[in-house]
Structure formats: C-alpha cells, structure tokens
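Examining the three-dimensional arrangement
The primary structure of each chain is shown beneath.
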Amino acid sequence: MISPAGPEVAPSPALSLSLSRRETRGPKLASDSDLRTSQLKSLDLNRVIKLLEDSKSNDEEERQLETLKKVMKQYETGLPLKDLAQIFKILNICAEKIQDQEAFIEPTCEIIKLCGLPFLKTKLSDEVNYTPVTLESIAQLGYLMRVPSSQVRIQICKCIISFYHAEPPKKQLAGLHSTSANYKIQMAELGGLAETLVLSLALVENQLAEKLWVLKALQHLSTSGVNCKLMMKAQAASRICSHLNDADPSGQLLFRSSEILWNLLENASKEEIVNQLSNLECIYALKEVFVNLLMHGFRHYDRQLRNDLLVIATLIAENPGAPMIESGFTKQLILLATFSEVKSHNPLVKGFKLTYSYEDFELKKLLFNMVAVLAKDLCAVQLLNEGKVVLALFHYVKPNEKPGVHDWSVAQYEELQLHAIATLASVAPLLVDDYMICQGNTRLLMFLEWCVGQDPFFGQGNCFHGAGGRGNKLAQMRYSLRVLRPVVSLCDEAVNLDLCDQGAINQLLDILKHITNKSKEKEDAIVLEIQTDILLILSTLCENDLHRKELFGCEGVDILIPFMKMDPNKLYSGLGHNRLLFSTLDSLWCCVMGCYIAEDYFLEKEGIFLLLDLLALKQKNICNLILGILVEFCDNSKTASHINTWRGKKDQTAASLLIHLWKQEELELGVKHDQDGRIVDAKKPLVGSFQEQQGVIPMPANCPSIAIMEVSENMRAKIYSVLCKLGFENLPGLSAKDFVTLAIIRRYLDFKVGEVWSEICAELKEETFRPVTPDEEALKVISEASENVGKMVTTLQTEMLESQQHQELQEEQKVYSKIQAIHKQREMVNKSWENFLTRTSNYEALKKAKRLQEKSIDASRSKSRPQNAMLHSTEIKGLNTTIASGRLVTVESTPSELTGGPLADTDLALRKLSVRGGALKKIKGVKVLDPFKKDSVSVK
C-alpha cells in the first residue's frame, strides 16, 4: 500500500533545490542552446506538477491524463538531464495515484519506459554537473518497486535491463546529445539501485512473473563488482538461494538465480557469500533442486546447471559451520559419488546410471572433489565409512585393462583415476581400518610396480592431476605415493609392519634408483616430489627399527650420496630441491644412524665430508639438522678423525667452521661481547637481548622455562656437543679469537646451569617468596660460583689475547731482523764487489790484496808440525791473483817401489795409494776428481 504523502515519495533535497531554482527563475535572454531546444519548452513541467498535485475532483483526471500524454510525446526521444528532477517528481505523483486511480498505471509505465532511453545533454559537462540529480532519480526507480502494480514493476525491471542494452534514439533534436553508454550503469552503481532491487524481492515473492523480471534485472546488475557488494549487503545470496526450489514451469528462476549466485561468488567476498548460504533453508533448497535435476534432467542445459549447483554446494561444504550433515545432503552426495563402484540398494540410485557424456564426466570429478572436501570435516568420517568410500576409490587404483566403446575414453579414465587417487590421499588416513580391509598396501605396491614396468602406456597428461605425465606413468606414481605417505606417517604399527613384510623398503629403493637414473638429464618438479615422498616414507618406516635400517643398508646409502652432492644453487630453483635435501637428511638420520654397517659404509663414502660441505653453506634452515646428525654420528668412534680431516674453502677446518657458526648464532641472539669476543657480563654470558628484554616469567613446575626452551631453539647446544666429542684440545686451524670463543663454548654447560639457577632466583623474587636460610645461602653460593666461572673464563680469554699479542710482536721482530740481515748482506755484497773492482783496476791494490791473502793463509795454518812429516808447497810462484788456484802438489821424489817403475799404470797407482800425513798408505779406493789434470803432479 502507498501512503498519500510519506517520506518515501518526498523528493530529495537535491530535487527540491532544483525545483525551487526553476520556480524562481525569471525571464532571461535566450541563448543559442535555448533557441535550439525551444521545441522542448512547449510544456511547462512546473504547471504539470501543479496540475497533478491540485486534483480535487474526478473531472480533472482526464485533463491530467491528457497532459501526461503530451509530456510523453514531448520527451519521446529521451529525457534531458536538466529536466530529470521534474520528470521524476511527476513520476512519483503518478505512482501515488495508482492505488486509487488505475488509469495512471499506463502513463506511469510510459514515463518509466522513457527512462530506459539514453539521457540527453546539451553540454559535455552536463554529465558531471547533473550527477547528484541523476543518482537520486535512478535510485527512485528502485523505490517505485513498492507500487502495487505488476505492470509498473515489470516496466521498472525492463528499464533497468535497458541500461545494459541501450540503443540510440531514432530521432534526435538539434543541440541535444545522448550521454555515454555507461553513464546510467555508473549512476545505478553509485545510487545503490541493486540493493533496493534485492530488498524488493520480498514484495514479489508470490508473483512469479514479477520475480523473474526482478531476477533478470539483478542478473544484469550482478555483472558489476560494486553492485555485487551492495547485493551482498542486502543478503542477496540467502534471499535468492532459499527460493531456488520455487515452482517455475519455465525453468528461468533456477537459471537466473544460479547465474546471480555465481556472479556474487566471483565479484564479491566469497567467504561472506558462503556464510550467507550456510543455513538449513538454503542447503535444503539447493539439495532438492540438485537431486531433481540429477534424476529428471535430460537436456544438456539441465546437466550443466546441475554441475554448477554442485560447485556451489562444494563451496558451501568447505565452510565448517555449514549444516551439510544435518540437512542430509552429505549422505546423498557420498552415495552419488560411490554408487557406480559400490552396489547400493538405496532407492535414490535404483535404476539410475551415469552416461558417458562430458557433463556426466564432469559430475563424477566434482563428486570426487566433494568427497575430498567432506573429508576435512571429522564429523563426516562416519558417513564416509558407511558409504564405503575407500573401496570405491580403490576401484581406480589399477591399470585400465579393457577400455571399450561403452565406457570412459582412455583420457577420461586416466583423469578419473588420478582424481580418485588424489581423493584417496585425503580419505585413507581417516579410515585406516577400511584401508587395511581393502588391502590398501598390497594394491598400492602392485600399482607402483606397474608404474615402473615396461608395458606400453602413454599417459595423456591433459588434466590438472596429470601434469608432467604425458607419455609416462609419473602422474600415477606421484599420486600413489601421496596416498602412501600420509598413511605411513600415522605410525600405525600394523599398517607399517604389513607394508614392510611385503618388501616395500626394497621396492621403494628400486623405484627411487630407477627414477633417479632416468631423470639425470632433466629434473622437474614432479620427479623431485616423487623422490622426496619416497625418502620420507622410508624415513618413517626405518625409524627406531634396526632390522629395517639393515634392509635400507648400503644400497640406500649409495642412493643418498648423490642427493647430498646436489649443486647448492639448485636450492633456490623453486622446483623442490630444498625439500629433496631435507628429506635426504631426514633419511640419513632415520635410516642410517644406529646401524653400524650403514654408518661405516657412509663414512667410507666420505659422507661426513659431504655433511660438512653442506654445513659450510651456512644455510640457517639446514644447519640445525646437520648438526643434529653430526652429534649422533660422533657416537661412532671413526667419525672424529673424518671431521678433523675435512678442509673447506681457504683450508678451513671443521672446528673453525663450528666456532664461526657459534659466533653467527650469538650475533643473531644479541649476546653481548666486546670487540675481541670476550664476555661482557659474567653473570649472564649466554643471555641474548631478546631473552633479556622478555625477562623472567613465573612458570609452573611442569613447564620448561625460557632458559631451557632456548636450548632447542638455536644451534649452540649442538655445536657444544660436537666439540665435546672432538675434544677441546689440539683443534687445528684456529685463530686467537677462535680460542677466545672456544673458551666460552667449553663452559657452555656450566653457564647454562648457572643461567637456570639465576632464573630460579629471579622467579622466587618475582613471586615475593623467600626461601629458608640454608636454601638462600645455597642459592647465593651457586650464583657466586657461576659468576666466578664467568670471571675465570674472561681472565683466560684476556691471557689468550695477550699471549697472541706477544707472539705477534715476536714474529714482527723476527721479520724485522730478517729484513735487517738481508740489508746487511746486500751491503757486504756491494762492498765485496767494490773491492773486486779495485783489485782488477789497480795493480798495486791487487798486490796488496795478495800479500794480505798469503798472510791470512799462513796465520790460519797450524804452528805445530808432526815429526818426520814431509810438507809439500801448494803455491804457484809469481802468480798475483787473489782467487784460489787449482790443485797442485810438488813431490821432491817418489821411490820406484811405490810407483812400480816407469811402465806402471799411473792411474792405477793413484787409485790405490794416497798421501796421508806425509806417508803413503794403502786405501780401498781413491776417486780421482779430475783425471785430466795428471800432468799437474810434478815428479823430480
């Protein structure tokens, strides 16, 4: 019902202001534009408004209707922007009269029809200048939906639809131009027309024709993001979805409603729209419509619409608060997803069969996707169990042995197979009992065996799950391992024992070796994911079981070694090399550690060197893991020698690397040290800035304190453990500052104990709790002892630095002494050269030098001479050189019995005899240094 005079029909302030200006406007000189538009001034709109408002008798009705016809005739080419305020005032007056005078329905509809034509402007700036008036006018169209007339409401919807299908007027007056094509659409967005139209759905709830026109208008409006937000504000999704199952023989209601819901989900906040749909009323309506289309829809259009509704239902199911189970929709969807593979006597699917059309193929995939979504809700697990979902999904974990004409095509079956296996990865960990009943381990291992087999199979690789699987079976292997990994990670002993009893460890190692050898030339994300999953599965199976570690054994170590030699640059490739490295280290820890055979073989393969090479990369995310492995490996007596032997870049040792990591860790923690690395605060030598700012928080006795939690949050404890295994003495390759840091590391445990006691004292003080006197004295002694340890280490560090400084000074002095000796030697050489030049250029100087030389030689000879000794002169008379002469011995006489006569072999005699101490004695052999100088021996 329309009140004769109410706030709903009162003109806006903008309209009133416009009207008042027009009423007070006096006569003016006509401009050029006024002359061009004189045709539109044949009617005074103010008089028309006054005529319509002053109707006091029924005789005036005909005159009013006649006047309205003239107005419509005058504006048949379109409404000028400057007259919009008056036109809409006339429209509002006519709408008020409809309740009592039905004759005004037709003129009202005609005026609304004129609003569907493009608005007219005289200037380019009119669109901007008349924006407030246009906004208010278009908003009035939505408010007119309150008029209790089907014709008016339908005409309003047609007018709004015409905004999106505007046609230029057939006639156009001189001086007037149509506004831009999107002008009305923009004004409708700014005026909030969409929100008003959504609210009007309550008025046409029982009028099908009017409702369909409103939905059609909303369908056009919902193509805009701005309008979708306005519609969402008016709860459009809930209002529309709750009436999906309303009677409509034409089917337009369902089609247009689903289109609007899709536009809302795409253009507005999906979370908010889903929340609006997550109520029983909407889900019931959605369920009834979906089932009706599934069972009775036979057209291509019906199947498409059915699939669209299932997608909307899937989005609702993703909302944990949606009452999908309470509505019974979940049970029906599970039944529809499994009835083809598992026989059911439910009347819903009795006699129902999917065709092999594309729409039914899409439906099957959407149902698998729905199962995966429902598996996220633990409340639906029981329904998944009752629906035998695991058994239905395992139906696809096998090769397509008999592809036929009356079945899915090869490409379709492959896509369904991969989708089913991907869904099984979400469902199987929730239904382990069903998994074991279906012999899941056996089926997956057989399927993996087929994946590495040589039988001809060419994957299409066209679907989402088939990425990277064209012409091979990598996609099938990838998703099979995705099923196996979460099931194994549950650590259910029955499942893992069954898996190992069937030879899973050896089979997985063979697959890993096969994949690695096959992909050496080219690595992609799919191959890396497969390798990562296999290593993670092996880690879970072998952890804490010595027999399984022995099965992993040397063969497994041979596979791990190449992964550890990975190029470090690949870690940032984005393909998954970093995950592969993590899984490799995890496998090393779980599958090798604890098995002495595998450990020794790993050491023989220089595995410790590879670990230290990775540690030298100083990647924060892997250092902690590597240090943990090294701590465990140090239990093997052979490990320490390998660690000490390792050398990194610039001949860096393992001890130096560990100390550098300690320094880096303390720098990040904000531990206070001076520039030489010495302890600054002896009471808190390990406390970082963040820990100090956090202060002491009283904790219950069963909760670890900050000092204890800090041990597991950084690498210092592991570095300390490794160095404890290596020993703190005789560590090679350390500088003085390294030894300063090593002094702190060596006392790490003492400092940590003192830190914990300090925390205890602080907690007691924080809680204002005073211990008994003996305990208080004990705490004081402990605190002093801890502080004394810190001071002792500081003193030791100072002594180390002073010793290093003294050693550096000594080395510096040695260097200077060496430099001085070199300079002195050069001076002596220069002086010797000068003397030589003097001797060669001055004969008197040469003779003087000769005399000095002979004098020196005489002085050097022994003064005491043995008795009966025969002396031979070695000097060459008359030779004035200072250079030592050649070998010359002058013999006065030699008895013939010694020489053997004149015909004796002089060389033989010289080899057998020698002059010693003035007498000839026999010797075993004489080596003649220069046989060509025999003539230098003179015999007299």
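Use the structure listed above.
This text gives an overview of the structure that appears in the document. Being a predicted model, the structure only gives us computed values, none of them experimental.

Examining the overall build of the protein chain
A tally of helices and strands in the protein chain yields 45 helices and six strands. Burial analysis of the protein chain (940 residues in total) assigns 44% to the buried set. For the protein chain, the share of sequence-separated contacts (at least 6 apart) that also reach a separation of at least 24 residues comes to 75%. For the protein chain, the exposed surface amounts to about 51,000 Å²; the carbon and sulfur share of it is 53%.

Structural notes on the nonpolar core
The biggest cluster of nonpolar side chains holds 241 residues, and the ones touching the most others in it are Phe 602, Leu 611 and Leu 615. A total of ten residues in this core trace back to one element, the largest contributor, which is helix α29 (residues 525-542). In contact with Leu 615, other than residues within four places in its own chain, are Cys 623, Ile 626, Leu 627, Leu 630, Leu 657, Leu 658 and Leu 661.

A few points about the packing of aromatic side chains
Two aromatic rings are characterised by how far apart their centres lie and by the angle between their planes. Overall, the coordinates contain 13 aromatic pairs when judged by the stated rule. Arranged with centres 5.9 Å apart and planes meeting at 45°, the rings of Phe 394 and Tyr 435 form a pair that is tilted. In this pair, Phe 394 sits in helix α22 (residues 389-394) while Tyr 435 sits in helix α24 (residues 432-437), placing the two residues 41 residues apart along the sequence. Here Phe 394 matches Tyr 435 in class, with each residue buried. Ring geometry for Phe 602 against Phe 633: centres 5.2 Å apart, planes inclined by 25°, an arrangement best described as stacked.

Re α29
Given a rise of 1.5 Å per residue, 18 residues ought to cover 26 Å, and the 26 Å separating the end C-alpha atoms of α29 matches this to within 8%. Of all the 18 residues making up α29, 15 are buried; the element is thus mostly covered by neighbouring parts of the structure. At the exit of α29 stands Asn 544, carrying a positive phi of roughly 65°.

A closer look at the side chain of Thr 179
Relative to the assigned elements, Thr 179 resides in the loop between β2 (177-178) and α10 (183-191). Residue class for Thr 179 comes out buried when judged on its relative accessible area of 9%. The contacts of Thr 179, once residues within four sequence positions are left out, are Leu 81, Phe 119, Lys 121 and Glu 127.

Let's talk about the packing of helix α9 (residues 150-162) against helix α12 (residues 208-221)
Between α9 and α12, the least distance of the axes is 9 Å, while the angle of their chain directions is 20°. Considering the angle they form, α9 stands roughly parallel to α12. Classified by chirality, the crossing of α12 by α9 is left-handed. Side by side, α9 and α12 meet where Ser 150, Arg 153, Ile 154, Cys 157, Lys 158, Ile 160 and Ile 161 of the first sit next to Glu 210, Trp 213, Val 214, Lys 216, Ala 217, His 220 and Leu 221 of the second.

Describing the packing of helix α33 (residues 607-616) against helix α34 (residues 620-633)
It is at 9 Å that the axes of α33 and α34 come closest, and there the two elements cross at 150°. The orientation of α33 relative to α34 falls into the category roughly antiparallel. In this structure, α33 meets α34 at a crossing whose hand is left-handed. For the pair formed by α33 and α34, the contact residues are Ile 608, Leu 611, Leu 612, Leu 614 and Leu 615 on the first element and Ile 622, Cys 623, Ile 626, Leu 627, Ile 629, Leu 630 and Phe 633 on the second.

Description of unusual backbone geometry
Not every positive phi belongs to a glycine, and Cys 491 is a case in point at roughly 60°. Locating Cys 491 in the fold gives a position in the loop between α26 (474-489) and α27 (493-501). With a relative accessible area of 51%, Cys 491 lands in the exposed category. Within the chain, Thr 768 stands out as a residue other than glycine whose phi angle is a positive 50°. Structurally, the position occupied by Thr 768 is in the loop between α41 (748-766) and α42 (773-841).

Some points on the pattern of salt bridges
Scanning the model with the defined rule gives 32 salt bridges in all. Notably, a salt bridge pairs Asp 533 with Arg 485, separated by 2.6 Å at the nearest N-O pair. Within this pair, whereas Asp 533 is found in helix α29, its partner Arg 485 is found in helix α26, the two being separated by 48 residues in sequence. Glu 710 is the partner of Lys 752 in a salt bridge, and the nearest nitrogen-oxygen pair spans 2.6 Å. With Lys 752 in helix α41 and Glu 710 in helix α38 (residues 706-713), the pair connects residues that are 42 residues apart, well separated along the chain. Looking at Glu 710, the relative accessible area reads 6%, which means it is buried.

With respect to the state of the cysteines
Within the structure shown, the criterion is met by zero disulfides. Cysteine Cys 241 is unpaired, with the sulfur of Cys 282 as its nearest cysteine sulfur at 4.2 Å.

Comments concerning a nonpolar patch on the surface
A contiguous nonpolar surface patch, about 320 Å² in accessible area, is contributed by Leu 749, Val 753, Trp 757 and Ile 760. Examined against the element boundaries, Val 753 turns out to sit in helix α41. A relative accessible area of 42% places Val 753 in the partly exposed class.

What about helix α32 (residues 596-604)?
Among all positions of α32, only Ala 598, Glu 599, Tyr 601, Phe 602 and Leu 603 are buried. If you follow the buried residues of α32, they end up packed against α30 (546-564), α31 (577-592), α33, α34 and α35 (639-645). Phi for Glu 606, located one or two positions after α32, is positive at around 60°.

Comments concerning the environment of Lys 847
Inspection of the secondary structure puts Lys 847 in helix α43 (residues 843-860). When its relative accessible area of 24% is taken as the criterion, Lys 847 is described as partly exposed. When the C-alpha atoms of Lys 847 and Thr 881 are compared, they prove to be 8.1 Å apart, with 34 residues separating the residues in sequence.

Here we look at the environment of Ile 534
Here Ile 534 shows up in helix α29. Given a relative accessible area of 0%, Ile 534 falls into the buried group. C-alpha separation for the pair Ile 534 and Leu 484, spaced 50 residues apart in sequence, amounts to 9.2 Å. Non-local contacts of Ile 534, meaning those with residues more than four positions away in its chain, are made with Leu 481, Leu 508, Ile 511 and Leu 512.

Overview of the side chain of Ser 242
Along the chain, Ser 242 turns up in the loop between α14 (236-241) and α15 (252-267). Within the local environment of Ser 242, its side chain forms a polar contact with the backbone oxygen of Ser 238, the two atoms lying 2.9 Å apart. Those residues in contact with Ser 242, other than ones at most four positions away along the chain, are Glu 281, Cys 282 and Ala 285.

Rules and cut-offs
Counting starts from 1 at the beginning of each chain's written sequence and moves along it residue by residue. For a predicted model such as this one, the threshold for reporting local features is a pLDDT of at least 70, and the threshold for listing and counting side-chain atom pairs is 80 or more; totals across whole chains, interfaces and linings nevertheless cover every residue. Hydrogen atoms and water are omitted, and side-chain values are computed over all heavy atoms in the structure. Note on conventions: DSSP H or I runs of at least 4 residues are helices, E runs of at least 2 residues are strands, and numbering of each starts at the N terminus. Here's how the labels work: a residue is buried when its accessible area is under 20% of the maximum for its type, exposed when over 50%, partly exposed in between, all with a 1.4 Å probe on protein chains only. When checking whether two residues touch, look at their non-hydrogen atoms; a contact exists if any pair is within 4.5 Å. To be clear on the numbers: accessible area is Shrake-Rupley with a 1.4 Å probe, and residue cover counts the displayed protein chains and nothing else. In plain words, nonpolar cores are sets of buried Ala, Val, Leu, Ile, Met, Phe, Trp, Tyr and Cys residues tied together by side-chain atoms within 4.5 Å. Working definition: rings of Phe, Tyr and Trp (its six-membered ring) pair if their centres are within 6.5 Å, and the pair is stacked with planes under 30 degrees apart, edge-to-face with planes over 60 apart, and tilted otherwise. Here a helix's expected span is defined as the number of its residues, less one, multiplied by 1.5 Å. Angles shown run from 0 to 180 degrees and are taken between the N-to-C directions of axes, each axis being a line fitted to C-alpha atoms and, for helices, limited to the stretch in contact. Roughly parallel means an angle under 35 degrees; roughly antiparallel, over 145; roughly perpendicular, 65 to 115; everything else is oblique. Left-handed is the label given to a crossing in which the near helix is rotated counterclockwise from the far helix by less than a right angle, and right-handed is the label when the rotation is clockwise. By definition here, a salt bridge exists when the distance from a side-chain nitrogen of Lys or Arg to a carboxyl oxygen of Asp or Glu is within 4 Å. We call a pair of cysteine sulfur atoms a disulfide whenever their separation is within 2.5 Å. Patches in this entry comprise residues that are over 30% relatively accessible and not in a salt bridge; like charges within 9 Å are linked, as are nonpolar side chains (Val, Leu, Ile, Met, Phe, Trp, Tyr) within 5 Å. Counted as a polar contact is a pair of N or O atoms within 3.5 Å, where, for protein atoms, one must be capable of donating a hydrogen and the other of accepting one, and residues adjacent in sequence contribute only when both atoms are in side chains.

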